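Residues per chain, in single letters:
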Amino acid sequence: MGTNEADTPKTGRWIPTAAVTTAAVLACAAGVWGYHAGRTGAVRVDLPASSDPAIQASCTNLIKALPSDVEGGHRRGVVGDDRNVKRRAAAWGYPATILRCGVTEPPEITVGGPDYTPLKNRYANMGDSAFVNWLIQEHEHSVTYTTTDRAAYVEVIVPFDDELQKEAASNALVDLAPMIVKNIPDKAGKFVDDQPE
């Protein structure tokens, strides 16, 4: 007994090749865009609250003056819950090097505080012609540098994947220190552009 084509159930639909090709191209483009956006899109930055108008003004001036590139990483946008995040934070490259301005004083340098450990912390005076004192805190995949001599505390978090990148992490400070000393006064309220000759 032969099979009648009319008796054969229809289980699939014919989809034009152009539609399949278009869908594949769009999926590929979305993947590329997602990859690109993850490396160039805005970075989420959390900030402690700050209502001090002098700190806000100094941070705003600093963020405006920061370079478009730091150690080969291009500047990226920042987002966060703080309505002034774009005036208090900046980011560069992927994974992002992040600068936060107006952070709280690190407990490790708070004299008399329970976490004050001056002998265990590493401090460095780094910069080119502009010198800034930094508290250095190493973590598993990043180094956090926090200014110790400015009226507003500025924190720079530099990520690394290996020992070579870890050793080069402080290079970012050379790009950032000149802008910090010109826009964030020292604890005495003075702007010091360069060390005395």
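Residues numbered from 1 in each chain as written. Predicted model: local features only at pLDDT ≥ 70, side-chain atom pairs only at ≥ 80, totals over all residues. Heavy atoms only, no water.

Draft legend 1. Highlighting a negative patch on the surface. Taken together, Asp-161, Asp-162, Glu-163 and Glu-167 make up a surface patch of like negative charges. The class of Glu-163 is exposed, set by a relative accessible area of 52%. (Patch = residues over 30% accessible without salt bridge, like charges linked within 9 Å, V, L, I, M, F, W, Y side chains within 5 Å. Areas by Shrake-Rupley, 256 points an atom, 1.4 Å probe, with all protein chains shown as cover. Salt bridge = Lys/Arg side-chain N within 4 Å of Asp/Glu carboxyl O. Lys, Arg positive; Asp, Glu negative; His and termini not counted. Charge placed at Lys NZ, Arg CZ, Asp CG, Glu CD. Buried < 20%, exposed > 50% of the residue type's maximum accessible area, 1.4 Å probe, protein only.)

Draft legend 2. Local environment of the packing of aromatic side chains. On inspection of all chains with the given rule, the structure shows 1 aromatic pair. Between Trp-134 and Tyr-145 the ring centres are 6.4 Å apart and the planes differ by 80°, which places this aromatic pair in the edge-to-face class. Taken together, the residues Trp-134 in strand β8 (residues 132-138) and Tyr-145 in strand β9 (residues 142-147) connect sequence positions 11 residues apart. (Phe/Tyr/Trp six-rings, centres within 6.5 Å; stacked < 30°, edge-to-face > 60°. Helix = DSSP H or I, 4+ residues; strand = E, 2+ residues; numbered from the N terminus.)

Draft legend 3. Quick peek at the packing of helix α2 (residues 53-65) against helix α5 (residues 171-183). Relative orientation of the contacting elements α2 and α5 amounts to 145°, with a least axis distance of 9 Å. Seen from above, α2 lies across α5 with right-handed handedness. Residues Ser-58, Asn-61, Leu-62 and Ala-65 of α2 lie in contact with α5, whose contacting residues are Met-179, Ile-180 and Asn-183. Of the residues contributing to the contact of α2 with α5, the split by class is 4 nonpolar, 3 polar and no charged. (Axes fitted to C-alpha atoms, helices over the stretch in contact; angles between N-to-C directions. Left-handed = near helix turned anticlockwise from the far one by under 90°. Contact = heavy atoms within 4.5 Å. Nonpolar A, V, L, I, M, F, W, Y, C, P; charged D, E, K, R; others polar.)

Draft legend 4. Examining α5 more closely. At Ala-177, α5 shows its maximal kink, close to 35°; a proline, Pro-178, follows between one and four residues later. Every buried residue belonging to α5 is among Ala-172, Leu-173, Leu-176, Ala-177, Pro-178, Met-179, Ile-180, Val-181 and Asn-183, and all of these are buried. (Bend = angle between axes of the 7 residues up to and from the residue.)

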